[in-house]
Amino acid sequence: MDFSNRNILITGAADGLGFAVSKAFSEKKANLFLIDIDHKKLIKKNIRNAKNIECDLSKIDNLEKIFLNLSKELKSIDILIHNAAILIPKSFENTDKKYWNDVLNISLNSGFLLSKFVWDNMKKNGRGIIIFVSSRAGVEGFDYESAYCAAKHGLEGLMKSLSIEGSSIGIQVFTITPGMFMNTPMSEQNYTDEYKKKWVDPIELTPAFLKLASGKYKHLIGKHVNAWDLSNEDKK
């Protein structure tokens, strides 16, 4: 797959799955616009063909300045991959308003605003791809993850609605779940030792993102896609 001259916006790009996905698209010659709170780490990772953008998505109004600058620099984003998220296990009793709002701003509310930003030009171009990174927490509930589950469930609902509206105008919308334990900074903090024995490098999940971004997987529009299964479908 060749993504030359395709403009791809990826959030949470400095670490873990976001970095792996960014690297995979860089190798396919895409023009990358990478967002992360840790700008120094983005620069240090030195991903080719990338514009590194510092943004704390928990402060949702920060996105307006990002959108203004992007609008001045380019015509449109062809592919949006919203990966950014935070998870700090907290009982519901200890989940305060600030943490709740931070989690929802980074995952759900940023997903809404990013989609609004790319939608009009995707519609004008008659094509576009939007991928929200979800997880089991998007379709199940877990203790000590009330905010995270609410945010991921919200992304699933947003995806389902956008996939219906987008299907008639060439915009394909998906959520994607890793489908396999990953070795990432978030996983390091939250996985049990048993899960850590099974985890894989997130680069092994990137073929699924390349496939969805190709526009050739229309039968998966509106679906909660398993990245591990899709990445390994050719091996079965």
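Predicted model, so just to flag it, every value in this text is computed and none were measured.

### Re the overall build of the protein
Part 1 of the argument: From N to C terminus, the protein includes nine helices and seven strands.
Part 2 of the argument: The globule rule puts the C-alpha radius of gyration for 236 residues at 18 Å, and the 17 Å found for the protein is close to it.
Part 3 of the argument: By principal-axis analysis of the C-alpha atoms, the protein measures approximately 45 × 45 × 40 Å.
Part 4 of the argument: When each of the 236 residues of the protein is scored for burial, the buried share is 50%.
Part 5 of the argument: Within the protein, contacts between residues separated by at least 24 positions form 64% of all contacts whose residues are at least 6 apart in sequence.
Part 6 of the argument: Counting only carbon and sulfur atoms, one obtains 50% of the accessible surface of the protein, whose full area is about 11,900 Å².
Part 7 of the argument: Averaging the locations of the 33 positively and 28 negatively charged side chains of the protein gives two centres separated by 6 Å.

### Side note on the sheet that holds strand 3 (residues 50-54)
Part 1 of the argument: Taken in spatial order, the seven strands of this open sheet run 3-2-1-4-5-6-7, and their pairing is parallel. At either end of the open sheet lies a strand with only one pairing partner, and these are strand 3 and strand 7 (224-226). Adjacent strand axes in the sheet meet at a mean angle of 20°, parallel and antiparallel pairs treated alike.
Part 2 of the argument: Bridge count for strand 1 (residues 7-11) against strand 4 (residues 79-82) is three bridges, and the pairing is parallel. Considered in strand 4, the bridge of Ile10 is made with Ile81.
Part 3 of the argument: Packing against the sheet, helix 3 (residues 62-73) makes contact with strand 2 (31-36) and strand 3, and its axis sits at approximately 155° to strand 3.
Part 4 of the argument: Of the strands in this sheet, strand 4, strand 5 (128-133), strand 6 (171-177) and strand 7 are in contact with helix 8 (residues 206-213), which crosses strand 5 at around 150°.

### As for the packing of aromatic side chains
Part 1 of the argument: Enumeration over the complete set of coordinates arrives at two aromatic pairs.
Part 2 of the argument: Here the aromatic rings of Phe3 and Phe25 are separated by 5.1 Å at their centres, their planes lie at 75°, and the arrangement is edge-to-face. Of this pair, Phe3 sits in the segment before strand 1 while Phe25 sits in helix 1 (residues 16-27), and the two are 22 residues apart along the sequence. Taken individually, Phe3 and Phe25 each receive the classification buried, so the pair is uniform in this respect.
Part 3 of the argument: Over the ring of Phe19 we find Lys45; its NZ or CZ atom is 4.1 Å from the centre of that ring.
Part 4 of the argument: Stacked on the ring of Tyr99, the Lys or Arg Lys90 has its end atom at 5.1 Å from the ring centre.

### Side note on helix 4 (residues 97-125)
Part 1 of the argument: With 29 residues, helix 4 ought to run about 42 Å at 1.5 Å a step, and its terminal C-alpha atoms sit 40 Å apart, in line with that.
Part 2 of the argument: Largest kink in helix 4: about 50°, centred on Asn105.
Part 3 of the argument: Immediately downstream of helix 4, the backbone of Gly126 shows phi near 75°, a positive value.

### Focus: the nonpolar core
Part 1 of the argument: Ranked by size, the top nonpolar core spans 33 residues in total, and within it Ile10, Phe25, Ile81, Ile176, Phe209 and Leu212 carry the most contacts.
Part 2 of the argument: If you list the elements that add at least two residues to this core, you get strand 1, helix 1, strand 2, strand 4, strand 5, strand 6, helix 8 and helix 9 (227-231).
Part 3 of the argument: Ranked by the residues each element gives to this core, the list is headed by helix 8, at five residues.
Part 4 of the argument: Residues Leu57, Ala84, Val118 and Leu155 belong to the second largest nonpolar core, which totals 30 residues.

### Focus: the pairing of strand 4
Part 1 of the argument: Burial along strand 4 is two-sided: the face carrying Ile79 and Ile81 and the face carrying Leu80 and His82 are both buried.
Part 2 of the argument: Bridge count for strand 4 against strand 5 is four bridges, and the pairing is parallel. The partner of His82 across the bridge, within strand 5, is Phe132.
Part 3 of the argument: Running through helix 4, the crossover from strand 4 to the neighbouring parallel element strand 5 is right-handed.

### Side note on the side chain of Asn105
Part 1 of the argument: Along the chain, Asn105 falls in helix 4.
Part 2 of the argument: Asn105 gets classed as buried once you look at its relative accessible area, which sits at 14%.
Part 3 of the argument: Other than its neighbours up to four places away in sequence, Asn105 contacts Leu57, Ser58, Ile60 and Ser110.

### Notes on unusual backbone geometry
Part 1 of the argument: Unusually for a residue other than glycine, Lys29 sits at a positive phi of about 70°.
Part 2 of the argument: Of note in the backbone geometry, Tyr144 takes a positive phi value of approximately 65° without being a glycine.
Part 3 of the argument: With respect to the element layout, Tyr144 can be found in the loop between strand 5 and helix 5 (146-167).

Scoring rules and cut-offs
- Residues numbered from 1 in each chain as written.
- Predicted model: local features only at pLDDT ≥ 70, side-chain atom pairs only at ≥ 80, totals over all residues.
- Heavy atoms only, no water.
- Helix = DSSP H or I, 4+ residues; strand = E, 2+ residues; numbered from the N terminus.
- Rg over C-alpha atoms; globule rule 2.2 N^0.38 Å.
- Buried < 20%, exposed > 50% of the residue type's maximum accessible area, 1.4 Å probe, protein only.
- Contact = heavy atoms within 4.5 Å.
- Areas by Shrake-Rupley, 256 points an atom, 1.4 Å probe, with all protein chains shown as cover.
- Lys, Arg positive; Asp, Glu negative; His and termini not counted.
- Charge placed at Lys NZ, Arg CZ, Asp CG, Glu CD.
- Pairing = 2+ DSSP bridges.
- Axes fitted to C-alpha atoms, helices over the stretch in contact; angles between N-to-C directions.
- Phe/Tyr/Trp six-rings, centres within 6.5 Å; stacked < 30°, edge-to-face > 60°.
- Lys NZ or Arg CZ within 6 Å of the ring centre and 35° of its normal.
- Expected span 1.5 Å × (residues − 1).
- Bend = angle between axes of the 7 residues up to and from the residue.
- Core = buried A, V, L, I, M, F, W, Y, C linked by side-chain atoms within 4.5 Å.
- Right-handed = clockwise from strand over helix to strand, strands pointing away.

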